[in-house]
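Chain by chain, the residues:
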Number of protein chains: 2
Amino acid sequence: MSELTESVTRMIKEFEKLPGLGKKSAERIAYHLLKVEKVEALALADAIYAVKENVRYCKHCFNLAEQELCEICRNPKRNQAILCVVEQPRDLIALEQTGRYDGLYHVLLGRLAPLDKIGPDQLTISALVDRVKTGSFLEIVMATNPTVEGDSTALYIIKQLESVRPPIKVTRLARGVTTGSDLQFANKEMLADALEERQSFR
Amino acid sequence: MSELTESVTRMIKEFEKLPGLGKKSAERIAYHLLKVEKVEALALADAIYAVKENVRYCKHCFNLAEQELCEICRNPKRNQAILCVVEQPRDLIALEQTGRYDGLYHVLLGRLAPLDKIGPDQLTISALVDRVKTGSFLEIVMATNPTVEGDSTALYIIKQLESVRPPIKVTRLARGVTTGSDLQFANKEMLADALEERQSFR
């Protein structure tokens, strides 16, 4: 592609590094940015700058924040007695979008994955344990992903919390069939969970 | 998405404006950029800045350039007697990649499209006509896209060039079946072109 100028080639290479973008999509984006007004292209560049300058992790819960504490930790209307543990900020967002939870969060910033060399020290687990020990939570909701790695992360954390006195109630998200789904397409694990935790008919 | 910080929301909105990126892909890219080292994220922003600062159109042919003239116009080894007319810089790149053309180019920066309000004045047609009139080209190759709009653009240009004295040879890209393709899947237009312009067996 020596026919493209050096700057364009470099920009295409940078876009190719983004998840989900191949060479063709990066090229299409490059032609688009070449064509649009300068101010429009620079708005994208400036937005990236702003994020890397302004966004940090909340000092309490490790959610994304532009101040010392995130919006949720700063909100006095949130239920301060319940703490929901999630892997990533995006999981927190998914839970917030249900509108069914008004407690606080703790973001682990990952899950235990020995094969990827992610151990407890790479996550915010010790900050979580400190927070639970010094706080006055009545319940911890484990909302790690329902995967092998998410489950073992939850189990590891529960072990760390065993020493907390008085013992604290720990729950996890319910598992079962998906509302609106079709049983014939449900996988075995989903149906097994659904049978195991079957509920009385209300 | 009020749970995302303002900067992150703004960055996602900017990515959503790019061709081929929806909300989900823009969010995935945002999480990626939040996670990577600052220097890596800023490399993308800087690359966009560099393109908008450095890249302009070649004064002769309207190809992309970082100097007054593009690499092709600056190359004395290119055949100065033949001029290939394309719609976009990306078409020029596609032709260059064949390695079968060593002449010069003229990039129209679009095609005539009355419905999109793109007339001759929005393209580089008058610069092309001047270039042909004042130059000493022996052949003009029309390589606009083989579409209705590409064809009418070529016809319009040929009309403009009729006044050039001495009359100049104008050719167009051959049309026919695609090498390596299967006739049963060829469309009618392709087969009609292939029959119309059938060649003697060499």
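Reading the values: rules and limits
Residues numbered from 1 in each chain as written. Chains lettered and ligands numbered in written order. Predicted model: local features only at pLDDT ≥ 70, side-chain atom pairs only at ≥ 80, totals over all residues. Heavy atoms only, no water. Buried < 20%, exposed > 50% of the residue type's maximum accessible area, 1.4 Å probe, protein only. Helix = DSSP H or I, 4+ residues; strand = E, 2+ residues; numbered from the N terminus. Contact = heavy atoms within 4.5 Å. Buried area = accessible area lost by both parts, 1.4 Å probe. Salt bridge = Lys/Arg side-chain N within 4 Å of Asp/Glu carboxyl O. Least-squares fit on C-alpha atoms with pLDDT ≥ 70 in both. Pairing = 2+ DSSP bridges. Axes fitted to C-alpha atoms, helices over the stretch in contact; angles between N-to-C directions. Parallel < 35°, antiparallel > 145°, perpendicular 65-115°, else oblique. Left-handed = near helix turned anticlockwise from the far one by under 90°. Expected span 1.5 Å × (residues − 1).

Undergrad: Tell me about unusual backbone geometry, and please be specific about residues and values.
TA: In this model, arginine 165 of chain A is joined to proline 166 of chain A through a cis peptide bond whose omega is -5°. Here the phi dihedral of lysine 117 of chain A falls at roughly 60°; this positive angle occurs in a residue that is not glycine. Classification of lysine 117 of chain A by relative accessible area gives exposed; the value is 72%. Even without a glycine there, the phi angle at leucine 109 of chain B is positive, about 60°. Mapped onto the elements, leucine 109 of chain B comes out in the loop between β4 (103–107) and α6 (125–134). Relative accessible area serves as the criterion here: at 23%, leucine 109 of chain B is assigned to the partly exposed category.

Undergrad: Talk me through the interface of chain B and chain A; I want residue IDs and the actual numbers.
TA: Between chain B and chain A, the contact holds 54 residues from the first and 54 residues from the second. Interface of chain B and chain A: buried area, both sides summed, is about 5000 Å²; carbon and sulfur atoms make up 68% of it. For the pair chain B and chain A, the number of links is two salt bridges. Of the charged contacts, one joins lysine 38 of chain A and glutamate 53 of chain B as a salt bridge, the two residues approaching to 3.4 Å between their closest N and O atoms.

Undergrad: So what about the relation of the copies chain B and chain A? Which residues, and what values?
TA: These two copies of the chain differ by a rotation about an axis and a displacement along the same axis. Between chain B and chain A, the superposition needs a rotation of 180° and an axial shift of 0.1 Å, giving an RMSD of 0.1 Å. When the rotation and shift are considered jointly, the pair of chain copies conforms to a two-fold rotation axis. Among all residues of chain B, the one whose C-alpha sits closest to the rotation axis is alanine 45 of chain B, at a distance of 2.1 Å. Comparing contact sets, 100% of the residues at the interface of chain B also lie at the interface in chain A, consistent with an isologous, same-surface contact.

Undergrad: Describe in detail the sheet that holds strand β3 (residues 79–86) of chain A, supporting the description with residues and values.
TA: Residue and element names in this part refer to chain A. Strand order in the open sheet made by the four strands is β4-β3-β5-β6, with parallel pairing throughout. Of all the strands in the sheet, the pair left with one neighbour each is β4 (103–107) and β6 (169–172). Averaged over all pairs of adjacent strands, the angle between strand axes in this sheet comes to 25°, irrespective of strand direction. Strand direction decides the pairing type here: strand β5 (residues 139–142) and β6, joined by four bridges, are parallel.

Undergrad: Could you give me a rundown of the packing of helix α1 (residues 6–16) of chain A against helix α3 (residues 38–54) of chain B, with the residues and numbers involved?
TA: For the pair α1 of chain A and α3 of chain B, interaxial distance at closest approach is 9 Å and the crossing angle is 150°. Between α1 of chain A and α3 of chain B, the angle falls in the class roughly antiparallel. Handedness of the α1 of chain A/α3 of chain B crossing: left-handed. Where α1 of chain A abuts α3 of chain B, its residues Ser7, Val8, Arg10, Met11, Glu14 and Phe15 of chain A lie against Glu40, Ala43, Leu44, Asp46, Ala47, Ile48, Ala50, Val51 and Asn54 of chain B.

Undergrad: A description of α3 of chain B should follow, citing residues and the corresponding values.
TA: A rise of 1.5 Å per residue sets the reference length of α3 of chain B, with its 17 residues, at 24 Å; its end C-alpha atoms lie 24 Å apart and thus fit the reference within 8%. For α3 of chain B, every residue scored as buried is listed here: Ala41, Leu42, Leu44, Ala45, Ala47, Ile48, Ala50, Val51 and Lys52 of chain B. Against α1, α2 (23–35) and α3 (38–54) of chain A together with α1 (6–16) and α2 (23–35) of chain B lie the buried residues of α3 of chain B.

Undergrad: Help me get a handle on the pattern of salt bridges, residues and values and all.
TA: Applying the stated criterion across every chain, the model contains 17 salt bridges over all chains. The partner of arginine 175 of chain A in a salt bridge is aspartate 151 of chain A, and the shortest N-O contact between them spans 2.7 Å. Of the two residues, arginine 175 of chain A is situated in the loop between β6 and α8 (188–196) and aspartate 151 of chain A in helix α7 (residues 148–161); the sequence distance between them amounts to 24 residues. Classification of aspartate 151 of chain A by relative accessible area gives partly exposed; the value is 26%. A salt bridge links arginine 78 of chain B to glutamate 96 of chain B; the nearest nitrogen and oxygen atoms lie 2.8 Å apart. Of this pair, arginine 78 of chain B sits in the loop between α4 (71–74) and β3 (79–86) while glutamate 96 of chain B sits in helix α5 (residues 89–98), placing them 18 residues apart in sequence. Arginine 78 of chain B gets classed as buried once you look at its relative accessible area, which sits at 11%. Overlapping salt bridges, with partners in common, bring together Arg111, Asp116 and Glu149 of chain A in one network.

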